[in-house]
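What follows is the residue order along each chain.
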Amino acid sequence: MNGVFLAILGAAIATVLAGIGSAKGVGSAAQTSMGVLSENPSMFGKMLVLTLLPGTQGLYGFIVGFLILVSSGVLSGAPTVTMAQGFAYAGASLAIGFGGLFSGIAQGKAAVSGIAMTAKDEKNFSKGMVSVTLVEIYALLAFIVSLLVVIQVPNFAA
Amino acid sequence: MAKLKMKTVRIIALRQDRKRLLEHLQDSGLVQITKSEKSREGFKRVNMSPQMQVFERNVELTERTLKILDDISPEKAGMLASFKGRRVVDPDDIGVIAANAQEVIETCTRIAGLDKQCSDNDAEQLRIKTQLAQLEAWNTLDIPLNCTGTKSTAVFIGTLPEVYSEQRLKQALAAENPALEFALEIVHTEANTTNVVVIAPISQKTMADDALRALGFARPMSPTHKIPKEKAERLRAKSRQLTEENEQAKKEIAGYTEMRERIKETQDYFRFRADKYNVINHLDHTKHVFVIEGYVPEEDCETLEALCSRVATCAVEFGEAGDDAPVKLKNNKFAEPAQGILTMYSPPGKTDIDPTPLLAFFFYFFFGMMFSDAGYGILMIIATGLMIKIFKPDKKMRNNLKLFQYCGISTTIWGLVFGSFFGDAPAAIYNMFTGSDVVMAHSISNMNDTTRALMPMPVIDPQKDALTLMIISIAFGLVHILVGMGCKFVICWKQKDYAGAFFDTGLWMLMLIGFAVLAAGLITTPVLVTVGAVIAIACAVGLVLTQGRGKKGIVGKAIGGVASLYDITSYISDLLSYSRLLALGLTTGVMAQVFNMLSTMMGTNVLGIVFMILIFIIGHLINIGLNALGAYVHTMRLQYVEMFSKFYEGGGKEFEPFTLNSKYIKLQEDK
């Protein structure tokens, strides 16, 4: 009995949940920015930046997922994961999974407002951008927790 | 380096010199002219609005013309055209542009006229189309639509709101009025309508009319006196003619394509003149003299005075500028590109120092740390360098490109520190072809690793040394915040607010240093722990004693002092925020590694190599796009939120001199 399934489950949780968060966030931001662009196509660059901001959660989730696959040996085809390590991977993935899911959605909402604000006056862009990144810190903290655990798991005793 | 010192300036000159003086001021761009709405006692305003409107109309006309030209024969412009600078024009050519302006405006009027004709024709086409659709149903009718009868018969041509066969219609009419004599012909039927011709004796005209009306008969909306088929033919001919006219017009417009550059320069010429008249509108005049008031940087005062006395009979006086003076920044080559980042936040306010050099250093430093790939860094340096060389962009765009060039240098250095060149591309590709198992470099935590490494020196590998890197990141954060607080200290000192400098800023700085020493002690020697703790506690006591000094009464002072310690939480969260340096640096590296892995997946045959090149290019482009954006945004955030909140007030107004404000052309400077 070993923990390969749990390791893969962990990779899946990290990638999928954080991905959902980003997809929702970027999706709503993209809808709004397209509305703005239909009126004023010259703002494409600024809109693109604001739209992409909630996209990082998915990236963090993917990286945790990828690192789990690497360090558990699934990618090299010879997984060596004990039950305890498997649980550790799965547990670590919950941080970025849920952190990414909810912060992605929340950041998407902030991005929508930032886009509306920038549409009114382009000078507001930097303020909007900074405000939107305030949400990101929570995804970052979750990511770092997941990361620190995943990196240490191979050193865990069986 | 700093904010330039501003002076107020007042120029009083003779009215006869007004044109010459204003033109020279506009060319030199030295002065920001204050535009007040009302004139002072004893002075009058000159109304230049009518002239100004003429110029503005011309600007508007040329703008419209350029748009029309773009629609019909788009300008061949590459994707990177927006980087291109304005065209440089010799100052002597302005005279030529002015002389030809009338001709260009006439051409523009012609183009706008042709465009209007085209859209009128398009509207006409639409009308013809609906008419044709209506006539379609009467196609087989061989008498005019508006025919109402002959000498002995009454003819009814029109539609009924129901589908009838000839038989049924006869019955229906007979049922309405059995006495009615008639002949009828169904011309056309479609859903819910029947087009019909009914002929009755003239004596029964009213009877027939009544009977038909009872069935809902209606004559056509626009009856013609022609046979429908002929009418349709004529309409088609008209439509063909309109199409041809439009084609002609478009061809003529397209023929004006090479006028585009001349239209652009003429537009700028009128823009200059409109600006100038707008300024005159806001100047105070008497019968013989007029007054210009404004701001000028101290370093330009002499140049301005010399210029004015050269071109006009005038008196120039300078004065000390107040707090509401506009701000002009001047920085060296290293820091100048970051000025845009600063003004995007807010130009410095009256008490602020100019933080651009510090901002520039930390911006490059943190950007590099987050983007951290030698390959990407080198690409950035080359790409921005080429763009500056090829496009010769305007100052603002040039500064932006420079900013990314400096960031590129920092990115390259950090890439080497992290052992990343397009991720682990060299090692991955080497392994793919030789089947060996080399790594990019050994990480500092695992120096006696025996696998072969490509890089000679050990590196900080964000994946293996995450914890170390996080501590390093937060240490950089501490330095960043301390520098910010140092600025606050200097500002307070300059304003002679020594209590603010030492108690509000100095104590906190010391306390943070104390904590840093304490943390360092935890890893190294216990002595440092004691030293750090003593510093921190001493500072905490100091804060409790001093922070309530604004409050009244001993209780208020005590509460204020203790409550101020709560600020420690905001410092902790600020410091933690710097862990993004690790997170984003790691993201770049891992993503690059993923793409390398994907690209080397297909083996070393020809197909595999093509696949590899393709995935390699696409993958790394995606990675550059995503992570450069991330690094840019988060670097900015660290500056704005973590550092500026410590000292920067902002709220200043930018110095906007009266100058040649153009969109397409730039006058060559020959000094």
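Bear in mind the structure is a predicted one, so any value in this text is a computation, not a measurement.

According to the domain assignment, chain B consists of domain 1 (146-219), domain 2 (341-371 + 373-461 + 588-647) and domain 3 (467-577). In this structure, domain 1 of chain B and domain 3 of chain B have C-alpha centres spaced 101 Å apart.

Right, let's get into the sheet that holds strand β6 (residues 183-190) of chain B. Hydrogen bonds between backbone groups are what pair the strands of a sheet, and the pairing can be parallel or antiparallel. All names here are of chain B. Pairing is antiparallel across the open sheet formed by 3 strands, whose spatial order is β5-β7-β6. Single-partner strands in this sheet number two, and they are β5 (153-160) and β6. Averaged over all pairs of adjacent strands, the angle between their axes in this sheet comes to 10 degrees, without regard to strand direction. As paired elements, β6 and strand β7 (residues 193-201) share 7 bridges and run antiparallel to each other. Paired with Thr-189 across the strands is Thr-194, a residue of β7.

Right, let's get into helix α5 (residues 205-214) of chain B. Residue and element names in this part refer to chain B. Within α5, burial applies to Ala-208, Ala-211 and Leu-212. One side of α5 carries all its buried residues, which in axial view fall inside an arc of 95 degrees. Away from its buried face by more than 90 degrees, α5 exposes Thr-206 and Arg-213. Taken together, the buried residues of α5 touch β5, α4 (166-176) and β7. Immediately beyond the C-terminal end of α5, within one or two residues, lies Gly-216, with a positive phi of roughly 95 degrees.

This part is about the interface of chain B and chain A. Facing 22 residues of chain B, the contacting portion of chain A comprises 19 residues. Those elements that place two or more of their residues in the side of chain B that touches chain A are α9 (339-345), α14 (466-494), α19 (580-599) and α20 (606-647) of chain B. Examining the composition of the side of chain B that touches chain A, we find that 9 residues originate from one element, α20(B), more than from any other. Along the lines of polarity and charge, the residues of the side of chain B that touches chain A split into 14 nonpolar, 6 polar and 2 charged.

Residue and element names in this part refer to chain B. Burial analysis of strand β10 (residues 314-320) places just 0 of its 7 residues in the buried class, which makes it a mostly uncovered element. Examined bridge by bridge, strand β2 (residues 6-14) and β10 share 7 bridges and lie antiparallel to one another. Within β10, the position partnered with Arg-10 by the bridge is Glu-317.

Turning our eyes to something else, we now look at unusual backbone geometry. Residue and element names in this part refer to chain B. A positive phi angle is found at Lys-392, which is not glycine, with a value near 45 degrees. Assignment of secondary structure puts Lys-392 in the loop between α11 (374-391) and α12 (395-418). For Lys-496, which is not a glycine, the phi torsion comes out positive at approximately 60 degrees. Here Lys-496 shows up in the loop between α14 and α15 (498-523).

So, on to the environment of Ile202(B). Residues and elements named next belong to chain B. Tracing the sequence through the fold places Ile-202 in the loop between β7 and α5. On the neighbour-count criterion, Ile-202 (13 C-beta atoms within 10 Å) is partly exposed. When sequence neighbours within four positions are dropped, the list of residues in contact with Ile-202 reads Gly-149, Ser-152, Thr-153 and Ala-154.

The rules behind each value
- Residues numbered from 1 in each chain as written.
- Chains lettered and ligands numbered in written order.
- Predicted model: local features only at pLDDT ≥ 70, side-chain atom pairs only at ≥ 80, totals over all residues.
- Domains from an automatic or database assignment.
- Pairing = 2+ DSSP bridges.
- Helix = DSSP H or I, 4+ residues; strand = E, 2+ residues; numbered from the N terminus.
- Axes fitted to C-alpha atoms, helices over the stretch in contact; angles between N-to-C directions.
- Buried ≥ 20, exposed ≤ 12 C-beta atoms within 10 Å, placed from the backbone.
- Arc of directions from axis to C-beta.
- Contact = placed C-beta atoms within 7 Å.
- Nonpolar A, V, L, I, M, F, W, Y, C, P; charged D, E, K, R; others polar.

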